[in-house]
Amino acid sequence: MKHNLISKTVLVVASLVTVVSLGTHVSASDTATQINEVNQKISDTQKLVNESQKKLSKLQDQQYSDSVEIASLTKNINARKSHLAEQARSAQQNDTGSLIEFLTDSKSFSDAIDRVATVATMIQANNQTLQDQKNDQEKVAADKKQVDESVAAQKKTSEKLRNDMADLAVQKIQLKVKKAKEDAAKQKAEAALAAAQKAAAAVKAAKSSADANKALATATKAVTAASTTNTNSGTTTSNTSTNSSSNNSNNSSTSSSATVTQTAYSTASTTSTATALSSSSVDTSSVVAAALSLTKMNIPYVWGGESLSGMDCSGLTAYVYAKFGVSLPHNTVAQEGYVTYESVSQAQPGDLLFWGSKGASYHVAIYIGNGQYVHAPRTGQTVRVGSVSGYAPSFAGRLK
């Protein structure tokens, strides 16, 4: 009798081992592999995001350079037009030194011909200069239009990559939840296995059939519990995968904003909270002083730079505010997310000034008051003070 109970217990334990090894080990291993694959995809996509951001920043720098050149050409064209208008008025008035007097004072017919040729040459030269400036303006404007289109296309690429990152982050979380359930199931099965092994030992040591039957019942319950655990785990995993696929297909139109928020939360919520808390207590006069001090150091413009050896526009604003415990991202559009929009006329010292449209800015500076700002203009120039009247920003922003 006892020998038969031992045999039964051995079968129970063998069944339990099968449940544990087939029910949990295989699925846990598969899930771990899937997590590794998602991690690799996240790493690869992050590289593409970084590369896309670099391309976008370069294009935004070109936007700024084109805007500065267009503003300069427009100013020169307006000045040339004013000069020609003044010449025309002078000729009409026939004052001393006017063009008409210059022509009528000729000494002879040949002198008059020479003077007419001189006036015609002067007028032609003025018109040619004006036309050349207009041509240059149109050329730069066409280049800027092309750059603007490239910026728009690059932003779409960056947005798609960010959405891909968000979707991958959700997949990773789902797999981790799945693996956690599998690990929990495995732990329960292993506990049941230990109980069955203990029961088998109890059968061998039993002094009566009653004790042996009790031990066998314990082992049987352990197998039943382990089987139920793994069955439920498999069902849950299957449902999770099915629901995940369904959600991905049904919610594709809304997943972008939701998933971006979800992934951004883990990386940015703490930082943004800290920024909000610290920026509200920053002494703006100290910010202005720190920004002005950079203009005396002959710091060159370096794309992607954020140090005294070289910096770009968003690198400058990030560098200055970092001195006061405020962490700003190294990108003009990203920095917009850290401010409350306001008009340029409402700007106060320490506020950020932006060029471009909201959500698509390409240049940023620190306002220092009296219609002036500190910025890193472009390649070949150093950190300097600029004027709102000389190159007007599009809007301002006050740190939240």
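These figures come from a predicted structure and were not determined experimentally. (Residues numbered from 1 in each chain as written. Predicted model: local features only at pLDDT ≥ 70, side-chain atom pairs only at ≥ 80, totals over all residues. Heavy atoms only, no water.)

Enquirer: Even after reading the chapter, I still don't get the overall build of the chain, so can you show me in this structure?
Expert: A count of helices and strands for the chain gives eight helices and eight strands. In the chain, which comprises 400 residues, the share counted as buried stands at 36%. Counting contacts in the chain only where the partners sit at least 6 residues apart, residues at least 24 apart contribute 69% of the total. When the accessible surface of the chain is split by element, carbon and sulfur atoms take 54% of a total near 21900 Å². (Helix = DSSP H or I, 4+ residues; strand = E, 2+ residues; numbered from the N terminus. Buried < 20%, exposed > 50% of the residue type's maximum accessible area, 1.4 Å probe, protein only. Contact = heavy atoms within 4.5 Å. Areas by Shrake-Rupley, 256 points an atom, 1.4 Å probe, with all protein chains shown as cover.)

Enquirer: How do you make sense of the nonpolar core when you look at a structure like this?
Expert: Side chains that are nonpolar tend, in soluble globular proteins, to be buried together. Among the nonpolar cores identified, the biggest contains 28 residues, and Leu294, Leu316, Val320, Tyr321, Leu352, Ile366 and Val383 are the most heavily contacted of them. For this core, the secondary structure elements donating two or more residues are α6 (284-294), α7 (313-322), β4 (352-355), β5 (363-369) and β8 (395-399). It is α7 that contributes the most residues to this core, six residues altogether. (Core = buried A, V, L, I, M, F, W, Y, C linked by side-chain atoms within 4.5 Å.)

Enquirer: Would you take a moment to explain the packing of aromatic side chains for this structure?
Expert: The relation between two aromatic rings is expressed through the spacing of the ring centres and the mutual angle of the planes. Per the stated rule, a full pass over the model turns up five aromatic pairs. Pairing Tyr64 with Tyr391 gives two aromatic rings, centres 5.5 Å apart and planes at 80 degrees, and the pair type is edge-to-face. Residue Tyr64 is found in helix α1 (residues 2-93), and its partner Tyr391 is found in the loop between β7 (384-387) and β8; the two are separated by 327 residues along the sequence. Both residues of the pair, Tyr64 and Tyr391, belong to the buried class. (Phe/Tyr/Trp six-rings, centres within 6.5 Å; stacked < 30°, edge-to-face > 60°.)

Enquirer: Teacher, can you tell me more about the confidence of the model for the chain here?
Expert: A low pLDDT means the predicted coordinates there should not be read in detail. Mean pLDDT over the chain stands at 74; residues scoring 70 or higher make up 66%. Note that residues 233-278 has pLDDT below 50 and, in this model, 31 contacts with residues that lie over four places away or in other chains. (pLDDT = per-residue confidence, 0-100.)

Enquirer: Whenever I open this one, the environment of Gln137 confuses me. Can you help?
Expert: Relative to the elements of secondary structure, Gln137 occurs in helix α3 (residues 109-205). C-alpha separation for the pair Gln137 and Ala71, spaced 66 residues apart in sequence, amounts to 9.0 Å. Once residues lying within four places of it in the same chain are set aside, the contact partners of Gln137 are Ile70, Leu73, Thr74 and Ile77.

Enquirer: Explanation requested: a negative patch on the surface in the structure shown.
Expert: Taken together, the side chains of Glu69, Asp132, Asp136 and Asp143 make up a negatively charged region of the molecular surface. Per-element accounting of the negative patch gives the leading share, three residues, to α3. As for its placement among the helices and strands, Asp143 is situated in helix α3. Residue classification places Asp143 among the partly exposed positions, given a relative accessible area of 30%. (Patch = residues over 30% accessible without salt bridge, like charges linked within 9 Å, V, L, I, M, F, W, Y side chains within 5 Å. Salt bridge = Lys/Arg side-chain N within 4 Å of Asp/Glu carboxyl O. Lys, Arg positive; Asp, Glu negative; His and termini not counted. Charge placed at Lys NZ, Arg CZ, Asp CG, Glu CD.)

Enquirer: What's the story with unusual backbone geometry in this structure? I'm lost.
Expert: Although it is not a glycine, Asn298 sits at a positive phi angle of roughly 55 degrees. With respect to the helices and strands, the residue Asn298 is situated in the loop between α6 and β1 (306-307). For Asn298, a relative accessible area of 58% translates into the label exposed. Phi at Asn370 takes a positive value of approximately 55 degrees, unusual for a residue other than glycine. When you line up the elements, Asn370 lands in the loop between β5 and β6 (372-375). On the accessibility criterion, Asn370 (76% relative accessible area) is exposed.

Enquirer: I keep staring at α7 and nothing clicks. Help me out?
Expert: In an α-helix, one turn spans 3.6 residues; hence positions three or four apart end up facing the same way. Counting buried residues along α7, nine of its ten residues qualify, which places the element largely inside the surrounding structure. All buried positions along α7 are accounted for by Cys313, Ser314, Gly315, Leu316, Thr317, Ala318, Tyr319, Val320 and Tyr321.

Enquirer: I keep staring at the packing of α6 against α7 and nothing clicks. Help me out?
Expert: Each pair of packed helices gets described by two things: the angle between the helix axes and the distance between those axes. It is at 9 Å that the axes of α6 and α7 come closest, and there the two elements cross at 130 degrees. Taken together, the axes of α6 and α7 lie oblique to each other. Relative to α7, α6 is oriented so that their crossing is right-handed. In this structure, α6 contributes Val287, Ala290, Ala291 and Leu294 to the contact, and α7 contributes Leu316, Tyr319, Val320 and Tyr321. Here the residues of the contact of α6 with α7 are counted per class, giving eight nonpolar, no polar and no charged. (Axes fitted to C-alpha atoms, helices over the stretch in contact; angles between N-to-C directions. Parallel < 35°, antiparallel > 145°, perpendicular 65-115°, else oblique. Left-handed = near helix turned anticlockwise from the far one by under 90°. Nonpolar A, V, L, I, M, F, W, Y, C, P; charged D, E, K, R; others polar.)

Enquirer: What's the story with the sheet that holds strand β3 (residues 339-342) in this structure? I'm lost.
Expert: Whether parallel or antiparallel, the strands of a sheet pair through hydrogen bonds between backbone atoms. Pairing within the open sheet is antiparallel, and its six strands lie in the order β3-β8-β4-β5-β6-β7. This sheet does not close on itself; its edge strands, each paired only once, are β3 and β7. Across the sheet, the mean angle from the axis of one strand to that of its neighbour is 40 degrees, orientation sign disregarded. Sheet topology places β4 next to β5; four bridges connect them, and they run antiparallel. (Pairing = 2+ DSSP bridges.)

Enquirer: I keep staring at the pairing of β4 and nothing clicks. Help me out?
Expert: Residues in a regular strand project their side chains so that they alternate between the two faces of the sheet. Across the two faces of β4 the burial is the same, with Leu352 and Phe354 and Leu353 and Trp355 all buried. Pairing between β4 and β8: three bridges, direction antiparallel. Looking across to β8, one finds that Leu353 is bridged to Ala396.

Enquirer: For this particular structure, what's the right way to read the pattern of salt bridges?
Expert: Oppositely charged side chains can form a pair if their charged atoms are brought close together. Tallied over the entire structure, the rule returns four salt bridges. One salt bridge connects Asp164 with Lys160, and the closest N-O pair in it is separated by 3.1 Å. Linking Asp164 with Lys160, this pair stays in helix α3, spanning four residues, or about one helical turn. Relative accessible area serves as the criterion here: at 25%, Asp164 is assigned to the partly exposed category. With a relative accessible area of 53%, Lys160 lands in the exposed category.

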